[in-house]
Amino acid sequence: MNITFRQIRYFIAVAEARSVSGGSSAVGISQSAVTDAIRTLEQETGVTLFHRHAKGVTLTREGQQFLRHARSIIDAIADMAGGVGREEDQTEGQIRVGVTPVVTGYFLSDIISRFRRQFPRIEIVLVEDKRSYIEHLLVNGELDLALLIVSNLEQRSAIDHEVLLRSACRAWMAPSHRLSDVDGLSLADLENEPIVTLSLDELEGLIDGIWNKFDHPPRVAWRTSSMEGVRSLVGTAAGITLLPDLVYRPWSLDGDRIVAKRTREDLPTVDIGMAWRRLTKHSEAAALFMETVHQHRK
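Residues numbered from 1 in each chain as written. Predicted model: local features only at pLDDT ≥ 70, side-chain atom pairs only at ≥ 80, totals over all residues. Heavy atoms only, no water.

### Regarding the sheet that holds strand E7 (residues 169-173)
Consider a sheet: its strands pair through backbone hydrogen bonds, and that pairing is either parallel or antiparallel.
Argument step 1. One open sheet holds the three strands; their spatial order is E10-E7-E11, and the pairing between them is antiparallel. Looking at the sheet topology across the chains shown, the edges are occupied by strand E10 (241-244) and strand E11 (259-261). Neighbour to neighbour, the strand axes of the sheet diverge by 40 degrees on average, direction disregarded.
Argument step 2. Pairing between E7 and E11: three bridges, direction antiparallel. Paired with Ala171 across the strands is Lys261, a residue of E11.
Argument step 3. Sheet strands in contact with helix H8 (residues 206-213) are E7 and E10, and its direction is about 105 degrees off that of E10. (Pairing = 2+ DSSP bridges. Helix = DSSP H or I, 4+ residues; strand = E, 2+ residues; numbered from the N terminus. Axes fitted to C-alpha atoms, helices over the stretch in contact; angles between N-to-C directions. Contact = heavy atoms within 4.5 Å.)

And the structure:
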C-alpha cells in the first residue's frame, strides 16, 4: 500500500472541514490536488472514504475508521519528531483524572495514548462518573484534573477551567425525512416532528433547553439513555434529534444513514474542557498532562 504523509494530511483536513474546498483552504493547496490525494487514498485502501453531496462530503463508516488511524499516525510522527535523540522520559508520579461518559467515549482515548507514549512512568488513575460527582471530587481535592462538559458546570466559584473543544448542535434525521433536503431549516419547521431525546447525564435536558430558549415546545416521542439507541431511532425515521457534532456519526449500528443539518437559529454549543480546583498548585505529573492536552487541542 503506497500512502503518503501528505495524502493523510489532506484527508484529515477534508474530513474536519466536511468539504474539499474547506480542506484545501486549511492546508493551502489547490482543490484539484486535494481531490487527487483523496482519490488515490480510496484506490489504495479499496474503500470509499467520503459520501459526496451538493453541500460537501460526509465520512463513510470506513472513512471514520480511517480518520482515527490517520490521526494516530499524525500524533505518532509528531511524538517521534519531538523525541528524536532523547532518552525515554524518566518522570514518575501519579495523576488522578476525572472524566464523564461522553468524554470517555468521544474525546479521551487519543490524549491518554499520547501521554502514555511520552511519559510511560506516570500512572494515570481515571475516575468516570456523573459531572456533578466529578465536580465534587475536584473541589474536595480528590482529583488533580477533570475532562468534562464545562458548559454546564455548577461550582464555578471553586473550579477553574478552559475550553478545549466547542461543539455545535445540529438536527439529525434520516435521509428519507421530508426535511432532509430543505435549505435554511428552522426549529419552527420541526415543531410537530417526533423528537428522540438522549437521557444521558451530561446531555440531559439539552434538547428541552434548546426548544425552551426559542419557545418551540418539542414533541418528545422517545427517551433513551443509549447513544446508539438515538442513532437507530433517527436512522429508521422514527424521529429526529438535536445533538452536538462531537457525538455525530453518519450511520447507526445497523448501517442506517443519518444526516445532520444546521438550523437558521444559533443553537447552544456543547463545550468540552479541562477543569481543576481553583488555586491548585499542580504536581509535575499534572502539569505534563495539561501540556499534553494542549498539544492535542492544536
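Moving on from the coordinates now.
### With respect to the pattern of salt bridges
Once the charged atoms of two side chains with opposite charge are near each other, the side chains can pair.
Argument step 1. Using the criterion set out here, one finds 14 salt bridges in the structure.
Argument step 2. Measuring nitrogen to oxygen at the nearest pair gives 3.5 Å for the salt bridge that ties Arg121 to Glu92. Of this pair, Arg121 sits in the loop between helix H6 (109-118) and strand E4 (122-128) while Glu92 sits in the loop between helix H4 (61-83) and strand E3 (93-99); the two residues are 29 residues apart in sequence, bridging distant segments of the chain.
Argument step 3. In this structure, Arg262 engages Asp245 in a salt bridge whose closest nitrogen and oxygen atoms are separated by 3.7 Å. Placement of Arg262 in the loop between E11 and strand E12 (270-277) and of Asp245 in the loop between E10 and E11 is noted, with a sequence separation of 17 residues between them.
Argument step 4. For Arg262, a relative accessible area of 48% gives the class partly exposed. (Salt bridge = Lys/Arg side-chain N within 4 Å of Asp/Glu carboxyl O. Buried < 20%, exposed > 50% of the residue type's maximum accessible area, 1.4 Å probe, protein only.)

### A closer look at the pairing of strand E5 (residues 145-149)
Argument step 1. By the criterion of burial, E5 is predominantly enclosed, with five of the five residues buried.
Argument step 2. Bridging between E3 and E5 involves three bridges; their strand directions are parallel. Its bridge partner being in E5, Gly98 is matched across the sheet by Ala146.

### As for helix H7 (residues 131-139)
Argument step 1. Taken together, the buried positions of H7 are occupied by Arg131, Ile134, Glu135, Leu137 and Leu138. When H7 is viewed along its axis, its buried side chains cluster within an angular range of 160 degrees and face the same direction.
Argument step 2. In this structure, the buried residues of H7 make contact with E3, E4, E5, strand E6 (159-167) and E12. (Arc of directions from axis to C-beta.)

### Some details on the environment of Ala171
Argument step 1. By secondary structure assignment, the location of Ala171 is in strand E7.
Argument step 2. Sequence spacing of Ala171 and Ile134 is 37 residues, and the spatial spacing of their C-alpha atoms is 29 Å.

### Concerning unusual backbone geometry
Argument step 1. The phi dihedral of Arg18 is positive, around 60 degrees, even though this residue is not glycine.
Argument step 2. Inspection of the secondary structure puts Arg18 in the loop between helix H1 (5-17) and helix H2 (20-27).
Argument step 3. Residue classification places Arg18 among the partly exposed residues on the basis of a relative accessible area of 31%.
Argument step 4. We note that Ala237 has phi near 65 degrees; this positive angle belongs to a residue other than glycine.
Argument step 5. The exposure class assigned to Ala237 is partly exposed, which follows from its relative accessible area of 42%.

### Quick look at H1
Argument step 1. Compared with the 18 Å implied by 1.5 Å per residue over 13 residues, the 19 Å span of H1 between its first and last C-alpha is a close match.
Argument step 2. Gln7, Ile8, Tyr10, Phe11, Ile12, Ala13, Val14 and Ala15 are the residues of H1 that are buried.
Argument step 3. With its phi angle positive at about 60 degrees, Arg18 sits one or two positions after the end of H1. (Expected span 1.5 Å × (residues − 1).)

### Examining the packing of H2 against helix H3 (residues 31-45)
Argument step 1. Direction vectors running N to C along H2 and H3 enclose 110 degrees, while the axes themselves pass 9 Å from each other. Comparing their axes, H3 and H2 come out roughly perpendicular. Facing Val20, Ser21, Ser24 and Val27 of H2, the residues of H3 in contact are Gln31, Val34 and Thr35. (Parallel < 35°, antiparallel > 145°, perpendicular 65-115°, else oblique.)

### Let's talk about the sheet that holds E4
Argument step 1. The five strands lie next to each other as E4-E3-E5-E12-E6, forming an open sheet whose pairing is mixed. Each having just a single partner strand, E4 and E6 make up the two edges of the open sheet. With strand direction ignored, the average angle separating the axes of adjacent strands in the sheet is 20 degrees.
Argument step 2. Pairing analysis gives seven bridges linking E3 to E4, with the strands arranged parallel. Note on E4: the bridge partner recorded for Gly98 is Val127.
Argument step 3. Its contacts with the sheet place H6 against E4 and E5, and it is angled at close to 160 degrees to E4.
Argument step 4. Sitting on the sheet, H7 touches E3, E4, E5, E6 and E12, and the angle it makes with E5 is about 155 degrees.

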